[in-house]
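# Coordinate analysis (summary)
Residue-level listing of the chains:
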Amino acid sequence: MKYAKIAAGILVLILLFFSFSKPGSHSETEFLMDTVVSVTAYGPHAKSSVKLVFERLRELDKKFNAHRVDSEISKINNAPANKAISVDPEVCNLLKTALKFSEDSDGAFDVTMLPISNLWGFTSETPKRPDEKELAAVLLKSGRHHLTLDENTCSITKAIDGLQIDLGAVAKGYAAEEAIRLLKEQGIRHAYLDLGGNIAVMGGKPMNVWESLFTGKKARPFRIGLQQPDAPRGTVMETVSLSDGYVVTSGDYERYFEEDGKRYHHILNPKTGYPADTQLKSVTVVSDNGTEADMLSTALFVLGADRMEHLQDRCKAIYTVDNRMNFKTVKPLTE
Ligand code: ADP
Ligand code: MG
């Protein structure tokens, strides 16, 4: 009798353990690529895999960050005109993708906006509305057409002095994709990454044993909240359920300053040199391709609601918030 009680007790303990146990997970957060990056991986090798991911992300930041003096991008930016600069093949490839996408987006996406961003001072302590003449002069010396890329030699040539590149609107998307690839290589099947508004998910969120028994599934889609612009962080307007893919938002509410009651944000219209003014506060894109998702969210933000149509097929879903805070599902997610 006594042994039966002990056995029953042990059984209850074992059941309790399994009912709450999930595969172990490991999360880390670090400031990289001018933003807060967090990576969560689930499963037995979670910790070592997350560490490897951060090593890779640091390496990518070193290559792609225009605000680092030792980056490959700074090498291009400091070079004079008409001199072929050989760059790292990975930089060459991403630049090629970005330049091709510039064409596809009818110039709404343009990686040569750095001198204009600097004129506005978005990353400085004292941002200000620039002098119109000065802005017009810098704009004349910007534009993707002044860049030539030789794929065979991985070299870049600038047609004019002062042209400067910034991959800030695409590098985080590419990095997210690289992180997912690396995690898969390490045998990780479930992960959640947030690179400053670029969300990447893999394999859904693992369930505990009871949940798995009831549903017959091992994981459920991650629930990704879409932030309400200008509201406290975590105020969600809509939730996207996704197991695998990328969810990227571009908006006017993270990096901006105000002057004479008007908001000036960091996503520029390459045709005018002014912050894109298309009555949108945010655009969110869902895609299976992280690099594209990042470029698309920036480009659609610049194009605005009326000019999005030709890029819609490249998105799995699109959500917008306009400046009256109306949320709109431009293209629903069908999975
Ligand atoms: P965030 O980097 O804040 O997530 P985005 O992906 O939309 O937002 O990228 C915006 C950044 O890209 C800006 O900070 C600037 O460095 C650069 N940028 C600004 N306007 C453009 C544009 N029209 N095309 C490409 N890059 C841009
Ligand atoms: Mg972007």
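Read on for a plain summary of the structure. Since we're looking at a predicted model, the values are computed, not measured.

Here we come to a nonpolar patch on the surface. A contiguous nonpolar patch, built from V209, W210, L213 and F214 and spanning about 450 Å² of accessible area, is present on the exposed surface. Among the structural elements, V209 can be located in helix α8 (residues 209–215).

On the basis of which strands lie adjacent, the open sheet formed by 3 strands has the order β3-β5-β4 and antiparallel pairing. In this open sheet, the two strands that pair with only one neighbour each are β3 (85–86) and β4 (147–150). Bridge count between β3 and strand β5 (residues 155–158): 2 bridges; the pairing is antiparallel. Pairing of S86 across the sheet is with S155, part of β5. Lying on the sheet, helix α4 (residues 89–104) is in contact with β4 and β5; it crosses β4 at an angle near 130°.

Turning to the packing of helix α2 (residues 46–64) against α4, a few remarks are in order. α4 packs onto α2 with a crossing angle of 70° between their chain directions and a minimal axis gap of 10 Å. Of the possible angle classes, the one that applies to α2 and α4 is roughly perpendicular. Side by side, α2 and α4 meet where R56, L60, K63 and F64 of the first sit next to E90, V91 and L94 of the second. In terms of residue class, the contact of α2 with α4 is built from 4 nonpolar, no polar and 3 charged.

For α4, spanning 16 residues, the distance from its first C-alpha to its last is 23 Å, which sits close to the expected 22 Å at 1.5 Å a residue. Here α4 has its buried residues at E90, V91, C92, L94, L95, A98, L99, F101, S102 and D104. Structurally, α4 contributes buried residues whose contacts are with α2, α3 (72–77), β4, β5, α7 (171–185) and α9 (290–303). Sitting at the amino-terminal end of α4 is D88, which places a side-chain oxygen 2.8 Å from the backbone nitrogen of E90. One or two steps after α4, the chain reaches D106, where phi turns positive at roughly 55°.

The next subject is the nonpolar core. In terms of nonpolar packing, the biggest core is built from 69 residues, with L57, L167, L193 and L300 touching the most fellow members. Counting 12 residues, the second largest nonpolar core, distinct from the first, contains V201, I224, L226 and V286.

Here we take up the environment of F109. Residue placement: F109 occurs in the loop between α4 and α5 (114–120). When the C-alpha atoms of F109 and K281 are compared, they prove to be 17 Å apart, with 172 residues separating the residues in sequence. Ignoring anything within four residues of it in the chain, the contact list for F109 reads A98, F101, S102, A169, V170, M295, T298 and A299.

Moving on, we come to unusual backbone geometry. The phi dihedral of C154 falls on the positive side, at around 55°, and the residue is not glycine. The topology assignment puts C154 in the loop between β4 and β5. Classification of C154 by relative accessible area gives buried; the value is 16%. A positive phi angle, near 65°, is found at Q279, a position not held by glycine. The topology assignment puts Q279 in the loop between β14 (262–265) and β15 (280–287). Overall, the relative accessible area of 45% leaves Q279 in the partly exposed class.

The local shell around ligand 1 holds 15 residues, among which D166, K172, S250, H266 and T298 are the closest. A108 is positioned with one of its backbone polar atoms (N or O) 3.0 Å from a nitrogen atom of ligand 1. K172 places a side-chain nitrogen or oxygen 2.8 Å from an oxygen atom of ligand 1. Isolated, ligand 1 exposes 560 Å² of accessible area, and the fraction of that covered by the protein chains is 92%.

Right, let's talk about the coordination of the magnesium ion (ligand 2) for a bit. Every protein donor of the magnesium ion (ligand 2) is listed here as A169 (O), D294 (O), D294 (OD) and T298 (OG1), and their distances to the metal cover 2.1 to 2.6 Å. Read in sequence order, the donor residues for the magnesium ion (ligand 2) give the motif A-x124-D-x3-T. Taken together, the positions of A169 in the loop between β5 and α7 and D294 in helix α9 put the pair 125 residues apart, joining distant regions of the chain. Looking at A169, the relative accessible area reads 21%, which means it is partly exposed.

The rules behind these values
Residues numbered from 1 in each chain as written. Chains lettered and ligands numbered in written order. Predicted model: local features only at pLDDT ≥ 70, side-chain atom pairs only at ≥ 80, totals over all residues. Heavy atoms only, no water. Patch = residues over 30% accessible without salt bridge, like charges linked within 9 Å, V, L, I, M, F, W, Y side chains within 5 Å. Areas by Shrake-Rupley, 256 points an atom, 1.4 Å probe, with all protein chains shown as cover. Salt bridge = Lys/Arg side-chain N within 4 Å of Asp/Glu carboxyl O. Helix = DSSP H or I, 4+ residues; strand = E, 2+ residues; numbered from the N terminus. Pairing = 2+ DSSP bridges. Contact = heavy atoms within 4.5 Å. Axes fitted to C-alpha atoms, helices over the stretch in contact; angles between N-to-C directions. Parallel < 35°, antiparallel > 145°, perpendicular 65-115°, else oblique. Nonpolar A, V, L, I, M, F, W, Y, C, P; charged D, E, K, R; others polar. Expected span 1.5 Å × (residues − 1). Buried < 20%, exposed > 50% of the residue type's maximum accessible area, 1.4 Å probe, protein only. Polar contact = N/O pair within 3.5 Å; in protein donor to acceptor, adjacent residues only side chain to side chain. Core = buried A, V, L, I, M, F, W, Y, C linked by side-chain atoms within 4.5 Å. Near = heavy atom within 4 Å. Donors = N, O, S within 2.8 Å, 3.2 Å for Na, K, Ca; no water.

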